[in-house]
Amino acid sequence: MQRKKRSLRIIAVLAVLFSGCVPTSPLTEPTPVVSPAVLSAETAFTITLSPADETGFDITQPLNQVEITNHTDQDIQILSLDLKGNRGGIREIPINRTLGPQETGRYFIEGEYRKGIDPVAAVTFASVDDASVTRYDYDSQKTETLKREDSPAPFLFNFASTVLVRTTDAGFQFAILPGKQASLREVETPYGGYCTLEDELLDNQYRYGKKLFYSFVDTELELGEQEKAYIENLMLRYDCDYAYNGEYDPVRIMEEYALLKTYSLMKSEDPDQPYWLLYCTPDVYAFTPAQWEAAQAQKLTWEQLWPMLKEEPNSYQQIYFQGWDAPLTEAERDALMNLCDLKEIPACFEGEPEKSEIGADKPVIYLYKDTETDFTLTLGTTPTLSYPQYHQGWSGTVTAEGLIIQDRRYPYLYYEAQIPDDFDFDQGFVVAREDTISFLEEKLAILGLNERESADFITYWLPILSQSDYNRIAFPCADYARLVPLQCQPQPDTLIRVYMLSEGLDEAVMMESQTLMPAPIRTGLTVVEWGGSRRNS
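Throughout this description, residue numbers start from 1 for each chain and increase along the sequence as written. pLDDT decides what is reported in this predicted model: residues at 70 or higher carry local features, side-chain atom pairs at 80 or more are listed and counted, and totals for whole chains, interfaces and linings draw on all residues regardless. Think of the side-chain values as coming from all heavy atoms in the structure, minus any hydrogens and water.

What follows concerns the overall build of the protein chain. In this text, helices come from DSSP runs of H or I with a minimum length of four residues, and strands from runs of E with a minimum of two, each type numbered from the N-terminal end. The number of helices and strands found in the protein chain is 9 helices and 31 strands. Exposure classes here rest on a 1.4 Å probe applied to the protein chains alone. A residue is buried below 20% of its type maximum, exposed above 50%, and partly exposed in between. Per-residue burial over the protein chain gives 50% buried out of 537 residues. Note on areas: Shrake-Rupley with a 1.4 Å probe; residue coverage comes only from the protein chains shown. Total accessible area computed for the protein chain in this model is approximately 27,000 Å², and 49% of it derives from carbon and sulfur atoms.

Rendered as structure tokens:
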């Protein structure tokens, strides 16, 4: 479908910081590069805002496309835009995107912006290697030089860190490297989120706001001409760079991009969505000689290392210990494991299988109380998506009609997360497609969901379960409570957490039946949660 744009072009008037070039007509000779002293500030950037056809992640907010063109001859990092809100006020939009000379970047933002006037209030930017950043205010036409608060985030090939370990007379000595070395032989598909590639591209642009590289690999489904045409159409539409089956130069990717993400595809029976996306980890990656050389100079002690590991940017970041000069001995692994346990650092070690992860799909949390009660609720993991937005927890008021958070009503709290696949699947049930509804109605009632909550659960999971002739289903509720602790203040009088683990089957198999524990009777402040995870069949 041809996208209709109502574009508002804004010529960004910037500080005289760059040596650049003026855009030229194809009928004239190229304009020579001018010095910073005579560069016209109006030539540095062009910014365009236009409505996007796609729905935002918050369905109450419109999605808009922002397009920025860098007209200079330098790599420029666009840190943020300040937009004038539709109802007044200024909203800072983080960008964190590096644009090369003459490059145009596109990304998506949610929310209304002011119509009828220039909506961009300010832009904050810097040359890539500068220690300072520049903020330009459009209304006052003033330029301000600021100190960088944080250094740019390191490139991530996979969500991991490698810790090199050697034993010296003084004890352990460490070095830390970004990512984990891997080859295509190791690529796995530990989970699939029943998400489309287009949804994922929108999510990545909204969440990361910086340039990513996409790698697609053969796992569940070999990537033939039809699959590649599907991928290439979306890559072109969203201006993304990509490769198949590790056919890229890791060193170049590290230099030019902020993150690499790896996927494969699986066939979908949904006529509107030909493929579902599978998330793959790890990806092909090898440390460069320069990284190994830099590691030699680190020589960290444990007291220097463990605070760095606690500050890993993702709650599901894998920390992988390996021998520096020789493989780790069993005694060394045991000693390192004890150190990590004392500091509550999740780690895996050379010589043991890696811990896989799985998506916690649409857990929702209801809170009930007859009288209005203020609450704060936190989770033991950081959600990857949430609504309302999770800011180190949720705080609001429970009423008889629902939840109120920042003057807005919600029926429940929603989130998704990545968690370790540490579920016991020895007991459960094998359910035919035609028996799915009656099975869920019966088991959810035993576990404590009321009719409304059961209806919410079934309408979400029924389309997913119905894609298989049979499903292996278990309710590892205690395992999930251990993996994702939930804390609520004030303390709930009743807490009910229902979690389903499922796996699609082509035919029925034998399975030991699971005995379900009936839920407590609801009294006082009641917190009810349901969610689930889907393993690949």
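What follows deals with the sheet that holds strand S18 (residues 348-349). Spatial ordering of the open sheet is given by S11-S10-S17-S18, a layout of 4 strands whose pairing is mixed. A single partner strand is all that each edge strand has here, and the edge strands are strand S11 (171-178) and S18. Whether two strands pair depends on DSSP finding at least two bridges between them. Inspection of the sheet shows strand S10 (residues 160-168) paired to strand S17 (residues 318-323) by 6 bridges, in the parallel sense. Its bridge partner lying in S17, Val165 is registered against Gly323. Here a residue-residue contact requires only that any non-hydrogen atoms of the pair lie within 4.5 Å. Whenever a helix is involved, its axis is fitted only over the stretch in contact; in every case the axis is a line through C-alpha atoms, and angles between N-to-C directions fall within 0 to 180 degrees. With respect to the sheet, helix H5 (residues 302-310) is in contact with S10, S11 and S17, its orientation differing from that of S11 by roughly 35°. Its contacts with the sheet place helix H6 (residues 330-342) against S10, S11, S17 and S18, and it is angled at close to 75° to S11.

Here the focus is the nonpolar core. Nonpolar cores are built from buried Ala, Val, Leu, Ile, Met, Phe, Trp, Tyr and Cys residues. Side-chain atoms within 4.5 Å join them into one set. In this structure, Ile365, Leu367, Phe375, Leu377, Leu379, Trp394 and Ile419 are the most contacted members of the largest nonpolar core, which totals 30 residues. When residues of this core are traced back to their parent elements, those giving at least two are strand S19 (357-368), strand S20 (373-379), strand S22 (394-399), strand S23 (402-405), strand S25 (413-420), helix H9 (477-483), strand S28 (486-489) and strand S29 (494-505).

Time to look at helix H7 (residues 436-447). Expected span, for any helix, means 1.5 Å times one less than how many residues it has. Between its first and last C-alpha, H7 extends 16 Å over 12 residues, near the 16 Å set by a 1.5 Å rise per residue. Just downstream of H7 lies Gly448, where phi reads positive at about 115°.

Our focus in this paragraph is unusual backbone geometry. Residue Pro388 is bonded to the preceding Tyr387 through a cis peptide linkage, with omega at -5°. Structurally, the position occupied by Pro388 is in the loop between strand S21 (385-387) and S22. In this structure, the amide linkage connecting Gln489 to the following residue, Pro490, adopts the cis form with an omega of 5°. Positionally, Pro490 belongs in the loop between S28 and S29. The backbone of Lys362 sits at a positive phi, close to 45°, despite the residue not being glycine.

With that settled, consider the environment of Pro346. One can find Pro346 in the loop between H6 and S18. By relative accessible area, which is 52% here, Pro346 ends up exposed. For the pair formed by Pro346 and Lys310, sequence separation is 36 residues and the distance between their alpha carbons is 9.4 Å.

The alternating pattern of S20 places Thr373, Phe375, Leu377 and Leu379 on a buried face, while none of Asp374, Thr376 and Thr378, on the opposite face, is buried. Direction of pairing for S20 relative to S22: antiparallel, over a ladder of 5 bridges. The residue bridging Asp374 from the neighbouring strand is Thr397, located in S22. Sheet analysis places S20 next to S28, joined by 4 bridges and oriented antiparallel. Across the sheet, Thr378 pairs through a bridge with Gln487, a residue of S28.

Attention now moves to helix H2 (residues 225-237). For H2, spanning 13 residues, the distance from its first C-alpha to its last is 18 Å, which sits close to the expected 18 Å at 1.5 Å a residue. Glu227, Tyr230, Ile231, Leu234 and Met235 are the residues of H2 that are buried. Projected onto a plane normal to the axis of H2, the buried residues spread over an arc of 125° and lie on a single side. Among the exposed residues of H2, those oriented more than 90 degrees off its buried face are Glu225, Gln226, Asn233 and Leu236. Looking one or two residues past H2, Asp239 carries a phi angle of roughly 55°, positive in sign. Relevant arc is that of directions from the helix axis to the C-beta atoms, nothing else.

Our next topic: the environment of Gln389. Within the secondary structure layout, Gln389 lies in the loop between S21 and S22. Gln389 sits in the exposed class, given a relative accessible area of 54%.

Attention now moves to the sheet that holds S28. One open sheet accounts for 5 strands, arranged S24-S23-S22-S20-S28; its pairing is antiparallel. Strands with a single pairing partner mark the edges of an open sheet, and in this sheet they are strand S24 (408-410) and S28. Direction aside, the axes of adjacent strands within the sheet are offset by 35° on average. Pairing analysis gives 3 bridges linking S23 to S24, with the strands arranged antiparallel. Bridged to Ile404 within S24 is Arg409.

When two helices pack together, their arrangement is given by the angle between the helix axes and by the axis-to-axis distance. Here H7 crosses helix H8 (residues 451-465) at 145°, and the two axes come no closer than 11 Å. Seen from above, H7 lies across H8 with right-handed handedness. Where H7 abuts H8, its residues Thr436, Ile437, Leu440, Glu441 and Leu444 lie against Ser454, Phe457, Ile458, Leu462 and Leu465. Any residue that is not Ala, Val, Leu, Ile, Met, Phe, Trp, Tyr, Cys, Pro, Asp, Glu, Lys or Arg is counted as polar, Gly included; the first ten are nonpolar and the last four charged. A per-class count over the contact of H7 with H8 returns 7 nonpolar, 2 polar and 1 charged. Put simply, a crossing is left-handed when the front helix is turned counterclockwise from the back one by less than a right angle, and right-handed when it is turned clockwise.

Right, let's talk about the side chain of Ser454 for a bit. Tracing the chain through its elements places Ser454 in helix H8. Of the residues examined, Ser454 reaches a relative accessible area of 9% and is grouped as buried. When sequence neighbours within four positions are dropped, the list of residues in contact with Ser454 reads Leu444 and Leu449.

It is worth spelling out the packing of aromatic side chains at this point. Working definition: a ring pair exists when centres of Phe, Tyr or Trp rings (six-membered ring for Trp) sit within 6.5 Å. Plane angles under 30 degrees give stacked, over 60 give edge-to-face, the rest tilted. This structure, assessed with the given rule, holds 20 aromatic pairs. Between Phe216 and Tyr263, the aromatic rings sit 6.2 Å apart at their centres with planes inclined by 40°, giving tilted as the arrangement. Here Tyr263 lies in strand S15 (residues 259-267) and Phe216 lies in strand S13 (residues 212-216), a separation of 47 residues in the sequence. The exposure class assigned to Phe216 is buried, which follows from its relative accessible area of 1%. Ring centres 5.8 Å apart and planes at 10° place the aromatic pair Phe423 and Tyr499 in the stacked group. Note that Phe423 is positioned in the loop between S25 and strand S26 (427-432) and Tyr499 in strand S29, a separation of 76 residues in sequence. Relative accessible area serves as the criterion here: at 1%, Tyr499 is assigned to the buried category.

Before going further, it helps to examine the confidence of the model for the protein chain. For every residue, the pLDDT score states the predictor's confidence, bounded by 0 at the bottom and 100 at the top. Averaged over every residue, the pLDDT of the protein chain is 77; residues scoring 70 or more account for 74%. The lowest-confidence element of the protein chain is strand S1 (residues 8-12), averaging 33 in pLDDT; the highest-confidence one is H7, averaging 96. In this model residues 1-41 is a low-confidence stretch, pLDDT under 50, and it forms 91 contacts with partners more than four residues away in sequence or in other chains. Considering only residues more than four positions removed or in separate chains, one finds that residues 54-61, a stretch of pLDDT under 50, has 22 contacts.

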